[in-house]
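Fold and geometry: a report
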Amino acid sequence: MARRTRRGALDRGRLPRHIGIIMDGNGRWATARGLERSRGHRAGSRAVRAVVRACRRLGVPVLTLFAFSTENWGRPRREVQALMELLSEFIAREWQEIMRREIRVVHLGDLRRVPGEVRRQLLSLERATRHHRRMTLALALSYGSREEMARACRRLAARAAAGRLRPAAIGIDEVSAALDTRGLPDPDLIIRTGGELRLSNFLLWQGAYAELFFSKRLWPDFTESDLRAAIADFQSRRRRFGLTDEQAEERERA
Ligand code: IPE
Ligand code: IPE
Ligand code: MG
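Our subject in this report is the structure included herewith. (Residues numbered from 1 in each chain as written. Chains lettered and ligands numbered in written order. Predicted model: local features only at pLDDT ≥ 70, side-chain atom pairs only at ≥ 80, totals over all residues. Heavy atoms only, no water.)

In this fold, E126 is placed in helix α4 (residues 116-129). One buried charged side chain, E126, makes no salt bridge at all; its nearest oppositely charged neighbour is R104, positioned 7.8 Å away. (Helix = DSSP H or I, 4+ residues; strand = E, 2+ residues; numbered from the N terminus. Buried < 20%, exposed > 50% of the residue type's maximum accessible area, 1.4 Å probe, protein only. Lys, Arg positive; Asp, Glu negative; His and termini not counted. Salt bridge = Lys/Arg side-chain N within 4 Å of Asp/Glu carboxyl O.)

Okay, here's the thing in structure tokens:
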């Protein structure tokens, strides 16, 4: 049940511990204006800035942004190149503010396919911010949930083959710890903009019990107030985790 203090205000004690966002709709935003798709991505990077700031201000501990999927490598070369350049610009432009606001940056995904320059920048930013504790910003880049799970299986299998892990000892926690998200809480809320009702290979394991919020807003138009509306909606829901309504209510009160 929502325990909001006043209309429009969020309950700071019940914020999602981790929000994942599928930032979709940049291409359509640009096309609707007769612009190149890359212009939509540029506009999208401004929305990223606003949403990161808003989460930091609200006190959301972890924000994961789906920036580029493994499937997105199949897009036209020009578009992929424009996206990588934007990412590089984004890191350079936001570096100071990320340091000042004590945000820890981590990446999810396989960076081996990412151009060397972007990879180096991102890894330096991770190194420079690894002691920050105010918020974690996870960038899902060249990320696919199924590939991530296959990588985790390979890690666990290698340890088992080396005699350092008993197959019978592999449980949910061991799998979670072998994923790129190790150490992060599971997402409580996954937001997708752009009107599509699908997950497109995003946090499939971690999102097992995430609340889903779909917005018709195209990503470049997504604002802090849209984010607050998504969080307010999240706070109005009862999460049952497989239990009965009565049990869930009891848990909420505890
Ligand atoms: C999301 O916007 C950004 C990425 C996938 C990199 P899209 O580029 O998918 O925009 P639409 O869905 O074509 O409008
Ligand atoms: C999902 O959007 C990936 C990102 C937002 C980075 P897509 O536009 O690639 O997803 P589909 O193709 O509509 O499923
Ligand atoms: Mg899309």
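A few words now on the site of ligand 1. Within the structure, ligand 1 sits among M23, D24, G25, N26, G27, R28, R37, H41, A67, N72, R75 and L83. Contact between ligand 1 and D24: an oxygen atom at 2.8 Å from a side-chain N or O atom of the residue. A distance of 2.7 Å separates an oxygen atom of ligand 1 from a polar side-chain atom of R75. At the level of elements, α1 (26-32) and α2 (37-58) are the ones that each hand at least two residues to the shell around ligand 1. The element contributing the most residues to the shell around ligand 1 is α1, with three residues. (Near = heavy atom within 4 Å. Polar contact = N/O pair within 3.5 Å; in protein donor to acceptor, adjacent residues only side chain to side chain.)

Along the chain, A178 falls in helix α6 (residues 172-178). Since its relative accessible area comes to 6%, A178 is described here as buried. On a C-alpha basis, the gap between A178 and Q96 in space is 31 Å, while along the polypeptide they are 82 residues apart. In contact with A178, not counting residues within four places along its chain, are A152, R155 and L156. (Contact = heavy atoms within 4.5 Å.)

Let us now look at the nonpolar core. Grouped together as the largest cluster of nonpolar side chains are 45 residues, with contacts concentrated most on I19, I21, L63, L65, I191, L227 and I231. In this structure, L227 is in contact with I19, V51, A54, C55, L58, I191 and F222, ignoring residues within four places of it in sequence. (Core = buried A, V, L, I, M, F, W, Y, C linked by side-chain atoms within 4.5 Å.)

Quick look at the site of ligand 2 now. Taken together, I22, M23, D24, F66, A67, F68, N72, R75, R192, R198 and S200 make up the full set of residues near ligand 2. Residue R192 places a side-chain N or O atom 3.3 Å away from an oxygen atom belonging to ligand 2. At a separation of 2.6 Å, an oxygen atom of ligand 2 approaches a polar side-chain atom of S200. Protein coverage of the free-state accessible area of ligand 2, which is 380 Å², stands at 79%. Counting residues per element, the shell around ligand 2 draws most heavily on strand β2 (residues 62-69), at three residues. Per-class residue counts for the shell around ligand 2 are five nonpolar, two polar and four charged. (Areas by Shrake-Rupley, 256 points an atom, 1.4 Å probe, with all protein chains shown as cover. Nonpolar A, V, L, I, M, F, W, Y, C, P; charged D, E, K, R; others polar.)

The N-to-C vectors of α2 and helix α3 (residues 77-100) enclose an angle of 30°; their axes lie 10 Å apart at closest approach. One way to sum up the angle between α2 and α3 is to call them roughly parallel. Of the two elements, α2 crosses α3, and the hand of that crossing is right-handed. Residues R37, S38, H41, R42, S45, V48, R49 and R53 of α2 touch α3, and the partners they reach there are E79, A82, L83, L86, E89, F90, R93, E94 and E97. Of the residues assigned to the contact of α2 with α3, the class counts are five nonpolar, three polar and nine charged. (Axes fitted to C-alpha atoms, helices over the stretch in contact; angles between N-to-C directions. Parallel < 35°, antiparallel > 145°, perpendicular 65-115°, else oblique. Left-handed = near helix turned anticlockwise from the far one by under 90°.)

So, about the side chain of N26. With respect to the helices and strands, the residue N26 is situated in helix α1. Using a relative accessible area of 11% as the deciding quantity, one classes N26 as buried. When neighbours within four sequence positions are excluded, N26 is seen to be in contact with G40, H41, G44, W219 and P220.

Glancing now at the sheet that holds strand β5 (residues 189-192). Taken in spatial order, the six strands make up an open sheet running β3-β4-β2-β1-β5-β6, and their pairing is parallel. Of all strands in the sheet, those bounded by a partner on one side alone are β3 (103-108) and β6 (211-214). Neighbouring strand axes in the sheet, compared pairwise and without regard to direction, differ in orientation by 20° on average. Relative to strand β4 (residues 135-143), β2 runs parallel, the two being bridged by seven bridges. Pairing of V62 across the sheet is with T136, part of β4. Packed on one face of the sheet, α2 meets β1 (18-22), β2, β3 and β4 and runs near 160° to β2. (Pairing = 2+ DSSP bridges.)

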